[in-house]
Amino acid sequence: MSLGGRRAIDISLGIGPDLLVWPGDPAIELIPRVQIAKGDAANVSELRIGTHTGTHVDPPVHFIVGAAGIDQVALEVLAGPCVVADLGAVSEPIEPSLLEGLGLVEGVERLLLRTANSELWRRPRPIAFPDRYACLTPKSAAWVIERRIRLIGIDFLSVEQKGAPGHPVHHALLEKGVVIVEGLDLGGVEPGEYDLTVLPLKILDGDGGPARAMLRER
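Residues numbered from 1 in each chain as written. Predicted model: local features only at pLDDT ≥ 70, side-chain atom pairs only at ≥ 80, totals over all residues. Heavy atoms only, no water.

Caption draft 1: Local environment of the overall build of the protein chain. Helix and strand counts for the protein chain stand at four helices and 11 strands. Over its C-alpha atoms the protein chain spans a radius of gyration of 18 Å, differing by no more than 12% from the 17 Å that the globule rule assigns to 218 residues. Projected onto its principal axes, the C-alpha positions of the protein chain cover 60 × 45 × 35 Å. Put simply, of all contacts in the protein chain between residues at least 6 apart along the chain, 74% involve residues at least 24 apart. For the protein chain, the exposed surface amounts to about 10,900 Å²; the carbon and sulfur share of it is 53%. Counting 21 positive and 29 negative side-chain charges, the protein chain places the averaged centre of each group 3 Å from the other. (Helix = DSSP H or I, 4+ residues; strand = E, 2+ residues; numbered from the N terminus. Rg over C-alpha atoms; globule rule 2.2 N^0.38 Å. Contact = heavy atoms within 4.5 Å. Areas by Shrake-Rupley, 256 points an atom, 1.4 Å probe, with all protein chains shown as cover. Lys, Arg positive; Asp, Glu negative; His and termini not counted. Charge placed at Lys NZ, Arg CZ, Asp CG, Glu CD.)

Caption draft 2: Main features of unusual backbone geometry. Each neighbour pair has its own omega, and for Arg 125 with Pro 126 the value is 0°, a cis peptide bond. Residue placement: Pro 126 occurs in the loop between strand E7 (110-115) and helix H3 (138-146). If you check the backbone angles, Arg 148 has positive phi at about 60° while not being a glycine. Mapped onto the elements of the fold, Arg 148 is located in the loop between H3 and strand E8 (151-154). Looking at Arg 148, the relative accessible area reads 71%, which means it is exposed. A positive phi angle, near 60°, is found at Asp 205, a position not held by glycine. (Buried < 20%, exposed > 50% of the residue type's maximum accessible area, 1.4 Å probe, protein only.)

Caption draft 3: Structural context of the nonpolar core. In this structure, Ile 94, Leu 111, Leu 113, Leu 136, Val 144, Ile 152 and Leu 173 are the most contacted members of the largest nonpolar core, which totals 24 residues. Listed by contribution, the elements that provide at least two residues to this core are strand E6 (79-87), E7, H3, E8 and helix H4 (168-175). For Val 144, the residues in contact, after removing those within four places along its chain, are Leu 136, Ile 149, Ile 152, Leu 173 and Val 178. Leu 112, Val 189, Tyr 194 and Ala 213 belong to the second-largest nonpolar core, a separate cluster that totals 22 residues. (Core = buried A, V, L, I, M, F, W, Y, C linked by side-chain atoms within 4.5 Å.)

Caption draft 4: The arrangement of the layout of surface pockets in detail. The computed volume of the largest pocket comes to approximately 230 Å³. Trp 22, His 62, Phe 63, Ser 158 and His 170 are the residues nearest the centre of the largest pocket, which is lined by 18 residues in total. Across the lining of the largest pocket, the residue classes tally to five nonpolar, eight polar and five charged. (1 Å grid on protein atoms, 1.4 Å probe; cavity = no way out; pocket = protein on both sides within 12 Å on 5 of 7 lines; lining within 4 Å. Points joined across faces, edges and corners; volume = space filled by probe spheres on them. Nonpolar A, V, L, I, M, F, W, Y, C, P; charged D, E, K, R; others polar.)

Listed below in structure tokens is the structure:
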């Protein structure tokens, strides 16, 4: 698909019953309520999902009591130039040395990390929840903050290792106003510069927002 002569790349996960969800989060249910096949005038279904299903955005209130909800995340952060960085062989927590090795120029505000996680979304579904996956460590979260990156995205359901005591990565990023985008599908994306658009559902005071995300070639 092209928009304004530039190719648009969908980097969102498709939401369906077989999509991997975080352990303990609500299961995905799509329940037909009105059906043309049953004599109704239209098709209408009930969708039951958690606020952190599939591709989604974490607002500050996800981990900080009384902080801003998803409806207050600034649109100007969710849309604009970004860099897709290739860490394709990485399937473990990412240390700052790997981020430093990306050679980012000064001024990058939006960074999406393409790792070995993206291959998970190409396996036959359903898939088992992995014990280890590429994510940030507290030190690499500090690197993101020091570089004044305003949005960090990753190709798994969390930017942080499962079971991390105190959730230091989320706290560090969200307390500094860094927008977190999780559950991206970057397996078909070449590393480089793009224009990013992420549009989470405008859930009032929501602790998360399922989103459609896309890249446009620059």
